[in-house]
Every structure is written in structure tokens, then in C-alpha cells.
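Each chain is listed here by its residues.
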Amino acid sequence: MSIVPVEAVAGKPGTAADGPARRTADGDPAPLAPRARLLPSLAAVYRAQLSRARVARIPLLFVATFQSVGIMVLMRGVVDGGDEARAVVAGSSVLVVAFVALNLLAQYFGQLRAGGGLDHYATLPVPPAAVVLGAAGAYASFTVPGTAVTAVTGSVLFQLPLGHLWVLAAVIPLSGAALAGLGAALGLLAPRQELATLLGQLGMSAALLLGVLPADRLPGPVTYARDLLPSTYGVEALARTFDKHPDWSAVALDLGVCAVVGVVSLAVATWAYRRAAVR
């Protein structure tokens, strides 16, 4: 005959009768763990995404860089120099950002939504903004070497000055944020994975046609679409720095537009993530 402690029968706090609920010594429910903060969660998601995509995305980054350099080589036969050369080099450089941050990120979030991967992120104790910003930051980070190589190669190819290429330190993250937010939103809002892939490729094609081609060569109505494309302002900012005496106020204005669009697009992507995660 077994002897059961009186505390277990009475449900005394701290015993097995309490079940999974945790209580303090006074019998009050124990407080829940503090909510995960944004910055530590963002850093954790960023590191996880960076290590995950390191192997899978490096070949695609090589393709994006090779594609942009190839476009500049082709355009070298029809563009001699001047404003057209600046537009070609700046547009080809930012195209690397569009290929990775917009196209690939749209495909990634579209795949997550279709395959149920969002359910895994929804169970993590991290804010939704950390998931979107961490993934966007990781994908945008892969564009740094390719964009730098493209800009240097184009400057040498078209005999443009290299002294102001340090502005890439601002162009890459700001253009990357704007395009990554747009890519994440497209992937999360698309009802099907195939449509997310299509939208990402269309966005990259728009960045190619509207960014690489000089603005004065485009038809009038198309220039309005160019103004709506987030990458346009990164292209304009980089192209202005190839002048002997750049207009830094105009460069700062273009970068400011990129920053505002980046904040808005990432906010929309965060809202789209919450909307997709609860369905």
C-alpha cells in the first residue's frame, strides 16, 4: 500500500497537483518571461538567415554580378560617355541589389508562405518586424561585393572617376532596404508561390529597363513609372557622384527618398507578414 503525501492531495503549491502552472512561494502565479526585444531578435534572425543563405545564394550573387557586367559590356558598344555612361554604370550596379533584395526575397517569402514555413516563425518569441528586417538585411548584405565589383568595373570600362564610389556605403543599404521591403511584401501578399516568383522577376526586369537605360531615352509616360520605382533614386544618387563636382544636396535628397521608401516598404512587409502568419 503506497502512501500519498497530504500536500499532493490538497494541491499545495509547488507540488505535482499544481500541473504545469508555476507559482511563487506565496501562491501567486509566476510572471511570464519578458517579451523578446526587437534588436536582439533582429540580430538572431539576421545571423540565422545569413548562415542559411551563405551557400545557396553565393552562386546566384555571381550570376547577378556577371549579368550586370555583361550589360555594361553590351552598352559600351552604343554609349560613349557622358550622362548616358553614368546612367548605365549606376543602373547596372543597383541592378545587383534588385536581383537579390527584390527578386530572390520575393521568391523566398513566397516559398515560405506556400510551404508552411511561416508557421515556424510564428511560434518563435520574436516580433514580426525582426523576422522581416532580419531576412531583408541578410539578403541585402549579399549584394555588397557584387555591387562594388560592378561599380568599379563599369567606372574603368567607361573611364569614369572612382573617387566618390564611397557613396556606395549609403546607396547599397538604403536601396537594399527599399527593394527588400518591396520584395518581401510581394512574396507575402502573393496568393501563390508562382505568382510571387513572377512578381519578383517583373520587378527586377523593371529595375533593369528603367534603371540602366538613360532617362532621356525613355518615352514620356514610362518616366512616370521610373519615378515610382524605389531603385531609381539609388541609381540617380550614384550617377550624380560620377561628376567632377557632384551636387551633394541632390545626392542627399535622392538617398533621403530611398530611406523614406525603405521605411514604408518594410512597414508594409511587416504588416503582410502578420497577415500571412495568422492565416
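Here the residue numbering is sequential within each chain, running from 1 through the sequence in written order. The predicted origin of the model limits local features to residues at a pLDDT of at least 70 and limits the giving and counting of side-chain atom pairs to 80 or more, whereas totals for whole chains, interfaces and linings rest on all residues. The basis for the side-chain values is all heavy atoms of the structure; hydrogens and waters are excluded.

Undergrad: When you look at the overall build of the protein in this model, what are you seeing that I'm missing?
TA: Helical segments are the DSSP runs of H or I of at least four residues, strand segments are the runs of E of at least two, and each set is numbered from the N terminus. In terms of regular secondary structure, the protein is built from 11 helices and zero strands. In the protein, the order of α-helices and β-strands from amino to carboxyl end is α-α-α-α-α-α-α-α-α-α-α. Between buried and exposed lies partly exposed: a residue is buried under 20% and exposed over 50% of the maximum accessible area for its type, with that area taken using a 1.4 Å probe on protein chains only. Of all 279 residues assigned to the protein, the portion counted as buried reaches 43%. Partitioning the intrachain contacts of the protein with sequence separation of at least 6 by distance along the chain shows that 80% fall at a separation of at least 24. Accessible area of the protein: about 14400 Å², with a carbon and sulfur share of 66%. Contacts are assigned to residue pairs with any non-hydrogen atoms lying within 4.5 Å of each other. Only the protein chains shown count as cover for residues, and the accessible areas themselves come from Shrake-Rupley with a 1.4 Å probe.

Undergrad: I'm lost on the pattern of salt bridges in this one. Help?
TA: Pairing is possible between side chains of opposite charge, provided their charged atoms come close. Salt bridges are counted wherever a side-chain nitrogen of Lys or Arg sits within 4 Å of a carboxyl oxygen of Asp or Glu. Considering all chains together, one arrives at five salt bridges under this definition. Here Asp83 and Arg86 are joined by a salt bridge, their closest N and O atoms 2.7 Å apart. With Asp83 and Arg86 both in helix α3 (residues 82-115) and three residues apart, the pair spans about one turn of that helix. Residue class for Asp83 comes out exposed when judged on its relative accessible area of 60%. Among the residues examined, Arg86 registers a relative accessible area of 18% and is labelled buried. One salt-bridge network, held together by shared partners, links Asp83, Arg86 and Asp243.

Undergrad: Honestly, the layout of surface pockets in this entry has me stumped. Any pointers?
TA: Remark: the empty space left among the atoms is shown by a probe the size of a water molecule rolled over them. Cavities and pockets were defined on a 1 Å grid built from protein atoms only: a cavity is a group of points that admits a 1.4 Å probe but offers it no way out, a pocket is an open group of points flanked by protein on both sides within 12 Å along at least five of seven lines, and a lining residue is one with an atom within 4 Å of any such point. Grid points are joined across faces, edges and corners, and a volume is the space filled by probe spheres set on the points. Counted as a void, the largest pocket has a volume near 260 Å³. Taken together, 13 residues line the largest pocket, and the ones lying closest to its centre are Asp83, Arg86, Ala87, Glu236 and Ala239. Of all the secondary-structure elements, those providing two or more residues to the lining of the largest pocket are α3 and α10 (231-240). Looking at the lining of the largest pocket residue by residue, the classes come out as five nonpolar, no polar and eight charged. Ten residue types, Ala, Val, Leu, Ile, Met, Phe, Trp, Tyr, Cys and Pro, are classed as nonpolar, four, Asp, Glu, Lys and Arg, as charged, and the remainder, Gly among them, as polar.

Undergrad: Just to check I follow, could you spell out helix α6 (residues 143-157) for this structure?
TA: The periodicity of an α-helix, 3.6 residues per turn, causes residues three or four places apart in sequence to face the same way. For a helix, the expected span equals 1.5 Å multiplied by the number of residues minus one. Between its terminal C-alpha atoms α6 stretches 21 Å, which fits the 21 Å expected from 15 residues at 1.5 Å a residue. Buried residues of α6: Thr143, Gly146, Thr147, Thr150, Ala151, Gly154 and Ser155, and no others. Down the axis, α6 shows its buried residues gathered within 160 degrees of arc, on one side only. Positive phi shows up at Gln159, right after α6, with a value of about 60 degrees. By construction, the arc corresponds to the directions joining the helix axis to the C-beta atoms.

Undergrad: Got a minute to help me understand the nonpolar core in this structure?
TA: In summary, soluble globular proteins display a tendency toward joint burial of nonpolar side chains. With 63 residues, the main nonpolar core has Leu105, Tyr108, Phe109, Phe158 and Leu238 as its most contacted residues. When contributions to this core are tallied by element, the ones reaching two or more residues are α2 (38-75), α3, α4 (117-123), α5 (128-141), α7 (168-189), α8 (193-212), α10 and α11 (248-277). The greatest single-element share of this core, amounting to 18 residues, is contributed by α3. With sequence-adjacent residues up to four places away left out, Leu105 is seen in contact with Val100, Ala135, Ala136, Tyr139, Ala180, Gly183 and Ala184. In this description, a nonpolar core means a group of buried Ala, Val, Leu, Ile, Met, Phe, Trp, Tyr and Cys residues linked to one another through side-chain atoms lying within 4.5 Å.

Undergrad: I keep staring at unusual backbone geometry and nothing clicks. Help me out?
TA: With the exception of glycine, most residues fall at negative phi, and the peptide bonds are largely trans. If you check the backbone angles, Gln159 has positive phi at about 60 degrees while not being a glycine. As for its placement among the helices and strands, Gln159 is situated in the loop between α6 and α7. According to the relative accessible area criterion, Gln159 is exposed, its value standing at 70%.

Undergrad: Got a minute to help me understand the packing of aromatic side chains in this structure?
TA: Note on ring pairs: Phe, Tyr and Trp rings are taken, using the six-membered ring of Trp, and paired if centres are within 6.5 Å. Classes follow the plane angle, with under 30 degrees stacked, over 60 edge-to-face and the rest tilted. All told, the structure shown has four aromatic pairs when counted by the stated rule. Between Tyr108 and Phe109 the ring centres are 5.4 Å apart and the planes differ by 70 degrees, which places this aromatic pair in the edge-to-face class. Across the pair, Phe109 and Tyr108 agree in class, each one buried. Ring centres of Trp166 and Trp248 lie 5.4 Å apart, and the angle between their planes is 25 degrees; this geometry places the pair in the stacked category. Of this pair, Trp166 sits in the loop between α6 and α7 while Trp248 sits in helix α11, and the two are 82 residues apart along the sequence. Chaining the aromatic ring pairs together yields one cluster made of Tyr108, Phe109 and Tyr139.

Undergrad: Mind showing me how you'd approach a nonpolar patch on the surface here?
TA: Residues qualify for a patch when their relative accessible area is over 30% and they have no salt bridge, like charges being joined within 9 Å and the nonpolar side chains of Val, Leu, Ile, Met, Phe, Trp and Tyr within 5 Å. Together, Leu189, Val260, Val264, Val268 and Trp271 make up an exposed nonpolar region whose accessible area comes to about 440 Å². Per-element tally for the nonpolar patch: the top contributor is α11, with four residues. Looking at the element boundaries, Leu189 is found in helix α7.

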